[in-house]
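# Working through the structure, step by step
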Amino acid sequence: MPDALYDKTTRTTTFNGHPLHYHELGSGTPLILLHGAGPGVSSWSNFSGNISGYAEHFRTILVDMPGFGKSGHPAEYDRSYLQYAADAVASLMDELGLESAHLLGNSLGASVAVRFVLAHPTRTKRLALMGPGSALSIGLFAPRPSEGIRRLMEFSLAADKTPEKMEAFLRSMVYDQSLVTPELIADRFQTATDPAAGAGLKAMQVANQKFHTEGELWREAHLIKHEVLITWGREDRVQPLDGAFVGFRLLENARLHVFPKCGHWAMIEQREEFERLTKDFFAAG
């Protein structure tokens, strides 16, 4: 996407005394998009290719969650990361005057969306979850940790972070290897090796360990009565497809759509079908 659109849509507010960065475009029913957790990720890196399409129908808001992109974070979280991020979304909605919104989350963002609806059920319209993170995705057959998670940790925990390690991680994210361009590798590597990004990931990991059981969303999934769309890439090597079925069974009003020839980035690899499917789903609510 051209830089002009980035500049046109970029906004910054605060949450808990720290910057909270987001993008906004369009009008109508609010739709909030929450990104995943890979090194160097941001709302723009996940959803820049989708914002214009969604903005034709919805007031579209892409949030850099705490510790990612241009959003800040506390040195130590006083609650689980999922709850803190969900509270940040609620605070942003308050500031923007939004009583409720549709939520679309990718990976970690899907887990945050689930935590949000559990904490704020009346503020959630419909929920779309793309390859939800391990808080809801429980593997049944494929080996864990998955290839993608191993590649992620090999980069994130390495003392000598290299572009080659970043490339290995990114290649595990997609089915279509042509999407992993030198430009993408360089951009994500530069962002991921910023000291602020490393501190954000470390703080999140500490919170995940400290509040471990609060992150086990499958324990509470049966409480969600909202309409839910779960999407998955058949060739997902980060959250393998067998992880879809426990959440699919526990969420009372869930439907599941699987994309062929698709990894962990359905919104990129199957953009046209993904946008059509999710737009129709949200429009029905």
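What counts and how
Residues numbered from 1 in each chain as written. Predicted model: local features only at pLDDT ≥ 70, side-chain atom pairs only at ≥ 80, totals over all residues. Heavy atoms only, no water. 1 Å grid on protein atoms, 1.4 Å probe; cavity = no way out; pocket = protein on both sides within 12 Å on 5 of 7 lines; lining within 4 Å. Points joined across faces, edges and corners; volume = space filled by probe spheres on them. Helix = DSSP H or I, 4+ residues; strand = E, 2+ residues; numbered from the N terminus. Nonpolar A, V, L, I, M, F, W, Y, C, P; charged D, E, K, R; others polar. Salt bridge = Lys/Arg side-chain N within 4 Å of Asp/Glu carboxyl O. Buried < 20%, exposed > 50% of the residue type's maximum accessible area, 1.4 Å probe, protein only. Pairing = 2+ DSSP bridges. Core = buried A, V, L, I, M, F, W, Y, C linked by side-chain atoms within 4.5 Å. Contact = heavy atoms within 4.5 Å.

### Points about the layout of surface pockets
- In this structure, the largest pocket spans a volume of roughly 1100 Å³.
- Surrounding the largest pocket, 43 residues form its lining, Leu108, Ser134, Ile149, Met204 and Asn208 being those nearest its centre.
- Only α4 (81–96), α5 (108–119), α6 (147–156), α7 (163–173) and α9 (195–210) provide two or more residues apiece to the lining of the largest pocket.
- A class-by-class count of the residues in the lining of the largest pocket yields 21 nonpolar, 19 polar and three charged.
- In this model, the second largest pocket occupies a volume close to 790 Å³.
- What lines the second largest pocket is a set of 31 residues, among which Trp44, Ser45, Ser48, Leu184 and Asp187 lie closest to the centre.
- Those elements that provide at least two residues to the lining of the second largest pocket are α1 (3–9), β2 (18–25), α2 (43–47), α8 (182–192) and α11 (266–269).
- It is α8 that contributes the most residues to the lining of the second largest pocket, six residues altogether.

### Quick notes on the pattern of salt bridges
- Tallied over the entire structure, the rule returns 17 salt bridges.
- A salt bridge links arginine 219 to glutamate 216; the shortest N-O distance between them is 2.4 Å.
- Assessed through its relative accessible area of 15%, glutamate 216 is described here as buried.
- Overlapping salt bridges bring together Asp78, Arg79 and Asp87 as one network.

### Overview of the pairing of strand β1 (residues 10–15)
- With six bridges joining them, β1 and β2 adopt antiparallel strand pairing. Bridging from a neighbouring strand, threonine 10 pairs with histidine 23 of β2.
- Count of turn residues in the β1/β2 antiparallel hairpin: two residues, of which asparagine 16 carries a positive phi of about 55°.

### Observations regarding empty space enclosed by the protein
- A complete count under the given rule lists one cavity of 30 Å³ or more for this structure.
- Of the volumes computed, that of the largest cavity is approximately 30 Å³.
- Around the largest cavity, the lining residues are Pro132, Leu136, Ser137, Ile230, Trp232, Gly243, Ala244, Gly247 and Phe248.
- At the level of elements, β7 (228–233) and α10 (244–250) are the ones that each hand at least two residues to the lining of the largest cavity.
- Here the lining of the largest cavity is composed, by residue class, of six nonpolar, three polar and no charged.

### Focus: the nonpolar core
- Of all hydrophobic cores here, the largest spans 51 residues; its most connected members are Ile32, Tyr81, Leu129 and Leu251.
- Sort the elements by how many residues they give to this core and α4 lands first, with 11 residues.
- Ignoring any residue separated from it by four or fewer positions in sequence, one finds leucine 251 in contact with Leu129, Leu136, Ala221, Ile224, Val228 and Ile230.
- By size, the runner-up hydrophobic cluster in this structure holds 36 residues, among which are Tyr6, Cys262, Ala266 and Met267.

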